[in-house]
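# Examination of the molecular architecture
Listed here are the chains, written in short residue letters.
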Amino acid sequence: MITAMMDALKCIYSKREVRDFLDKEVPEDVIIRILEAGRLAGSAKNRQPWDFILVKDRQRLRELSRFGNHAEHVKKASFAVVITVRGDYFQDPFDAGRAAQNMMLAAHTLGVGSCPVTLHDEEGARSFLEVPEDRRIQVCIAFGYPRGVERRGKVRRKPLEEVLHRERW
Ligand SMILES: Cc1cc2nc3c(=O)[nH]c(=O)nc-3n(C[C@H](O)[C@H](O)[C@H](O)COP(=O)(O)O)c2cc1C
């Protein structure tokens, strides 16, 4: 059952990657809410260039992890979502990123942890997932309930004054 959700700013500011998951299934209705957040993302010219491949089967999650160089956490995820894009428009990767972040923030507010995963062996992953020729894999995201209390160390981000330029560079 879904209970109170955190406010939007708290959700955005506190999102950290989770790579250690409980052996606990995320219910289908929660998965659908997460996927809906991705589907509802805006995109350039409203092209919605994405498709989402949901992988829940434990054996397939183990096999999927083989296609990334840093993808151990996929093995223990409750589910993974692979985002594919049409890839014939330069803004497609940006749009996929918007869908990905929407899903990860929705998951976070529903108590589900997540971490993006690069599938370095894209060709291997394409074949494994039977992705059509005209689509490319943008990113995979591993999802699951976090194991234990998340470590809250110093947030490793550049300070705003280092990245913010006003009026001109
Ligand atoms: C496009 C993208 C690909 C990523 N690929 C991986 C990956 O293959 N394996 C992994 O462990 N983390 C991956 N990450 C997670 C980053 O390492 C993480 O976002 C960054 O280190 C910040 O982590 P933090 O929020 O815990 O500070 C990826 C993140 C992005 C945005």
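Please read all numbers here as calculations on a predicted model, not as lab measurements.

## What about the overall build of the protein?
If you tally the helices and strands in the protein, you get 7 helices and 4 strands. When its helices and strands are written in sequence order, the protein yields α-α-β-α-α-β-α-β-α-β-α. Relative to the globule expectation of 15 Å for 169 residues, the C-alpha radius of gyration of the protein, 17 Å, shows essentially globular dimensions. Structurally, the protein occupies a C-alpha span of about 45 × 40 × 30 Å along its principal axes. Of all 169 residues assigned to the protein, the portion counted as buried reaches 41%. For the protein, the exposed surface amounts to about 10700 Å²; the carbon and sulfur share of it is 51%. Where the 30 positive side-chain charges of the protein centre and where its 25 negative ones centre are 6 Å apart.

## Quick notes on the packing of aromatic side chains
If you walk through the whole model with that rule in mind, you get 4 aromatic pairs. Note on Trp50 and Phe52: the rings are 6.2 Å apart at their centroids and 15° apart in plane angle, and the pair reads as stacked. Ring geometry for Tyr89 versus Phe90: centroids 5.1 Å apart, planes at 65°, classification edge-to-face. A cation over a ring is seen here: Lys24 above Tyr145, with NZ or CZ 4.5 Å from the ring centre. We note Arg60 situated over the ring of Phe128; from NZ or CZ to the ring centre the distance is 4.0 Å.

## Looking at a nonpolar patch on the surface
Together, Leu9, Ile12 and Tyr13 make up a nonpolar patch on the protein surface, roughly 350 Å² of accessible area in all. Along the chain, the position of Leu9 falls in helix H1 (residues 8-14).

## Looking at the UniProt feature "domain: Nitroreductase" (unreviewed entry) in the protein
With numbering aligned to this structure, UniProt lists the feature "domain: Nitroreductase" (unreviewed entry) at residues 14-65 and 74-145. As annotated, residues 14-65 has a helix share of 40% and a strand share of 12%, and its two end C-alpha atoms lie 26 Å apart. As annotated, residues 74-145 has a helix share of 40% and a strand share of 29%, and its two end C-alpha atoms lie 13 Å apart.

## Quick notes on the packing of helix H2 (residues 28-39) against helix H5 (residues 92-109)
Their axes nearest at 7 Å, the elements H2 and H5 cross at an angle of 145°. Remark: the crossing between H2 and H5 carries right-handed chirality. Packed against H2, whose contacting residues are Ile34, Leu35, Ala37 and Gly38, the element H5 presents Ala99, Asn102, Met103, Ala106 and Ala107 at the interface. For the contact of H2 with H5, the residue count by class is 7 nonpolar, 2 polar and no charged.

## As for the site of the ligand
Inspection of the region around the ligand gives Arg16, Glu17, Arg19, His70, His73, Cys115, Pro116, Val117, Thr118, Arg156 and Arg157 as its neighbouring residues. Separating an oxygen atom of the ligand from a side-chain N or O atom of Arg19 is a distance of 2.8 Å. Between Arg157 and the ligand, the recorded distance is 2.8 Å, taken from a side-chain N or O atom to an oxygen atom. Here the ligand has 640 Å² of accessible area as a free molecule, and 64% of this is covered by the chains. When residues in the shell around the ligand are grouped by element, the largest group, 3 residues, is from strand S3 (residues 113-117). By residue class, the composition of the shell around the ligand is 3 nonpolar, 3 polar and 5 charged.

Parameters at a glance
- Residues numbered from 1 in each chain as written.
- Predicted model: local features only at pLDDT ≥ 70, side-chain atom pairs only at ≥ 80, totals over all residues.
- Heavy atoms only, no water.
- Helix = DSSP H or I, 4+ residues; strand = E, 2+ residues; numbered from the N terminus.
- Rg over C-alpha atoms; globule rule 2.2 N^0.38 Å.
- Buried < 20%, exposed > 50% of the residue type's maximum accessible area, 1.4 Å probe, protein only.
- Areas by Shrake-Rupley, 256 points an atom, 1.4 Å probe, with all protein chains shown as cover.
- Lys, Arg positive; Asp, Glu negative; His and termini not counted.
- Charge placed at Lys NZ, Arg CZ, Asp CG, Glu CD.
- Phe/Tyr/Trp six-rings, centres within 6.5 Å; stacked < 30°, edge-to-face > 60°.
- Lys NZ or Arg CZ within 6 Å of the ring centre and 35° of its normal.
- Patch = residues over 30% accessible without salt bridge, like charges linked within 9 Å, V, L, I, M, F, W, Y side chains within 5 Å.
- Salt bridge = Lys/Arg side-chain N within 4 Å of Asp/Glu carboxyl O.
- UniProt positions renumbered as here; feature names shortened; annotations may be inferred.
- Axes fitted to C-alpha atoms, helices over the stretch in contact; angles between N-to-C directions.
- Left-handed = near helix turned anticlockwise from the far one by under 90°.
- Contact = heavy atoms within 4.5 Å.
- Nonpolar A, V, L, I, M, F, W, Y, C, P; charged D, E, K, R; others polar.
- Near = heavy atom within 4 Å.
- Polar contact = N/O pair within 3.5 Å; in protein donor to acceptor, adjacent residues only side chain to side chain.

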